[in-house]
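# Structural characterization, general
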Amino acid sequence: MVHKVKAAVVRSKNADVTLETILVPDPGPGEALVDILTCGVCHTDLHYKQGAINDDFPFLLGHEATGVVSAVGPDVTEVAPGDRVVLNWRAVCGECRACRRGQPQYCFNTHNATQKMTLEDGTELTAALGIGAFAEKTLVAAGQCTKVDPDADPAAVGLLGCGVMAGIGAAINTGNVQRGDSVAVIGCGGVGVAAVAGAALAGATTVIAVDIDAKKLQRAKDLGATHTVDSSAGDPVEAIRELTGGFGADVVIDAVGRPETYKQAFYARDLAGTVVLVGVPSPEMTLELPLLDVFGRGGSLKSSWYGDCLPSRDFPTLISLYRQGKLDLDAFVTERITIDQIEEAFTKMHAGAVLRSVVEL
Ligand SMILES: NC(=O)c1ccc[n+]([C@@H]2O[C@H](COP(=O)([O-])OP(=O)(O)OC[C@H]3O[C@@H](n4cnc5c(N)ncnc54)[C@H](O)[C@@H]3O)[C@@H](O)[C@H]2O)c1
Ligand SMILES: [Zn+2]
Ligand SMILES: [Zn+2]
């Protein structure tokens, strides 16, 4: 059976998001059909719309979602109809080099549903990050579903599906922030503020939030920043050094992903410290650094895909911390909107007015 559902699609580069009827097939082997409850609007959706990820239009946007499994393919054992799930965009294979070495968070062979969702005329859709959850139903690989506690607010926990997990994981997994560390986070949108919260959760004693927008800095304070630096006036490196005894931070996280913010991160870190790049650069960007500085400053330069998370390990842990009041996921939900308000949500995101707009389906 094919399901006809309402969904948010971008047909061509920079076109407005349109509401379309799409066709979603029943799940085949290894697949799950999910009724979407909520889906957050992430900057990566905007990157898709702008053609900054690839040119495989039309895109079915949305990838920070909570839903309920409505059907599974014949061989699926991980989840069953009725399960409350948060969707993830890295279903691990269990067989590649990374998986076999016991490091499935680096799986080189993550997968999505095999069957395609289409427009009514049969045009195949590219689902954002293999999810496509601005839709009443979506089809994913069963491994993209992580079963979670059905009592938790779907809008809040669904954000673990992308931006919030990417940010928290950039701090606790990739950056390996330790109790007593100093951490600076450049760019305090949904991802950066989550990195601030992650650093605080890990016991960092100095957490410096940096942004060019003063509104973002206040929110970062609410989520655990001990200091803020407004970098609209200029380079934040000196200010970060001053706040860290003249040294620089142990871990600096670039949650913007531009050459200039990366350079700031590079020079704002202490000798032998760690830089984590979690913001996603666009294809034309290049970076130039004196190689002697790369060598001489020691330490490590890391990139963080999805916060190097393992959804089956990290989602339930973080939801448990949320329920204990130790991680304020509610603070990330700035507004709840309907599926026809995604363009407005992009505008608000661009204006820095929201951490996350969450579509309720
Ligand atoms: N690595 C991953 O797995 C992953 C996952 C999700 C999102 N992302 C990426 O993370 C980035 C941030 O996403 P988001 O949803 O938080 O976006 P957002 O638009 O909500 O936040 C970006 C923030 O950066 C600030 N900013 C912009 N230019 C700046 C500058 N020069 N200096 C300091 N601050 C600056 C903005 O004011 C804003 O607060 C995006 O590039 C997104 O694609 C990466
Ligand atoms: Zn693998
Ligand atoms: Zn995202």
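Attention here is on the structure that accompanies the text. (Residues numbered from 1 in each chain as written. Chains lettered and ligands numbered in written order. Predicted model: local features only at pLDDT ≥ 70, side-chain atom pairs only at ≥ 80, totals over all residues.)

## Some details on the sheet that holds strand E12 (residues 206-211)
Working definition: the strands of a sheet are paired by backbone hydrogen bonds and lie parallel or antiparallel to each other. Stated precisely, the cut-off is as follows: Strand pairing is defined by DSSP finding a minimum of two bridges between the two strands. Here a strand is any run of E in DSSP of at least two residues, a helix any run of H or I of at least four, and the numbering for each starts at the N terminus. Helix axes are fitted only over the stretch in contact, all axes being lines through C-alpha atoms; the angle between N-to-C directions runs from 0 to 180 degrees.
Sheet architecture is open: six strands sit in the order E13-E12-E11-E14-E15-E16, paired in parallel fashion. The outermost strands of the open sheet, each flanked by one partner alone, are strand E13 (227-230) and strand E16 (300-303). With direction set aside, neighbouring strand axes in the sheet form an average angle of 20 degrees.

## Some details on unusual backbone geometry
For the bond running from Phe57 to Pro58, omega is -5 degrees, close enough to zero to count as cis. Note that Pro58 resides in the loop between helix H1 (43-49) and strand E4 (59-60). For Leu129, which is not glycine, the phi dihedral falls at a positive 50 degrees. Its place among the elements puts Leu129 in the loop between strand E8 (126-127) and strand E9 (137-141). Backbone geometry places Asp308, a non-glycine residue, at a positive phi of 45 degrees. Position of Asp308 among the secondary structure elements: in the loop between E16 and helix H10 (311-323).

## Let's talk about the sheet that holds strand E7 (residues 118-119)
Strand order in this open sheet of five strands is E7-E2-E1-E4-E8, and the pairing throughout is mixed. Because the sheet does not close on itself, it has two edges, and the strands there are E7 and E8. As judged from the two bridges shared by E4 and E8, these two strands associate in the parallel manner. Paired with Phe59 across the strands is Thr126, a residue of E8.

## Remarks on the site of ligand 1
Selection rule: Working rule for contacts: place C-beta from the backbone, and if it is within 6 Å of a molecule or strand, that residue counts as near it. Classes in brief: Ala, Val, Leu, Ile, Met, Phe, Trp, Tyr, Cys and Pro nonpolar; Asp, Glu, Lys and Arg charged; the others, Gly included, polar.
Around ligand 1 there are 33 residues in total, and His43, Ala166, Gly187, Gly189 and Val191 lie nearest to it. Where the shell around ligand 1 is concerned, the elements lending two or more residues are H1, helix H4 (163-174), helix H5 (190-201) and E12. Its residues placed into classes, the shell around ligand 1 shows 15 nonpolar, 14 polar and four charged.

## Description of the packing of H4 against H5
What counts is decided by this rule: Angles below 35 degrees are treated as roughly parallel, those above 145 as roughly antiparallel, those between 65 and 115 as roughly perpendicular, and all remaining angles as oblique. Here is the rule for handedness: rotate from the far helix to the near one, and if that takes an anticlockwise turn smaller than a right angle the crossing is left-handed, while a clockwise turn gives right-handed. Residues are treated as contacting if the C-beta atoms built from their backbones sit within 7 Å of each other.
Relative to each other, H4 and H5 sit at 45 degrees, their axes nearing to 7 Å. Regarding the angle of H4 to H5, the classification is oblique. Considering the relative orientation of H4 and H5, their crossing is right-handed. Along its contact with H4, which presents Gly163, Val164, Ala166, Gly167, Ile168, Ala170, Ala171 and Ile172, the element H5 presents Gly190, Val191, Gly192, Val193, Ala194, Ala195, Ala197, Gly198, Ala199 and Leu201. Of the residues in the contact of H4 with H5, the class split is 13 nonpolar, five polar and no charged.

## Digging into the environment of Pro25
Spelled out, the test is: The burial label depends on the number of other C-beta atoms within 10 Å of a residue's C-beta. Counts of 20 or more mean buried, 12 or fewer mean exposed, and intermediate counts mean partly exposed, with C-beta atoms placed from the backbone.
Mapped onto the fold, Pro25 is located in strand E2 (residues 18-25). A residue is classified by how many C-beta atoms lie within 10 Å of it, and Pro25, with 17 of them, is partly exposed. As for Pro25 and Met1, which are separated by 24 residues in sequence, their C-alpha atoms are 6.3 Å apart.

## Remarks on the pairing of E9
Of all five residues in E9, five are buried; the element is thus mostly enclosed. Pairing between strand E3 (residues 31-40) and E9: five bridges, direction antiparallel. Within the sheet, the bridge partner assigned to Ala32 lies in E9 and is Val140.

Keep in mind that these numbers describe shape and distance, not what the molecule does.
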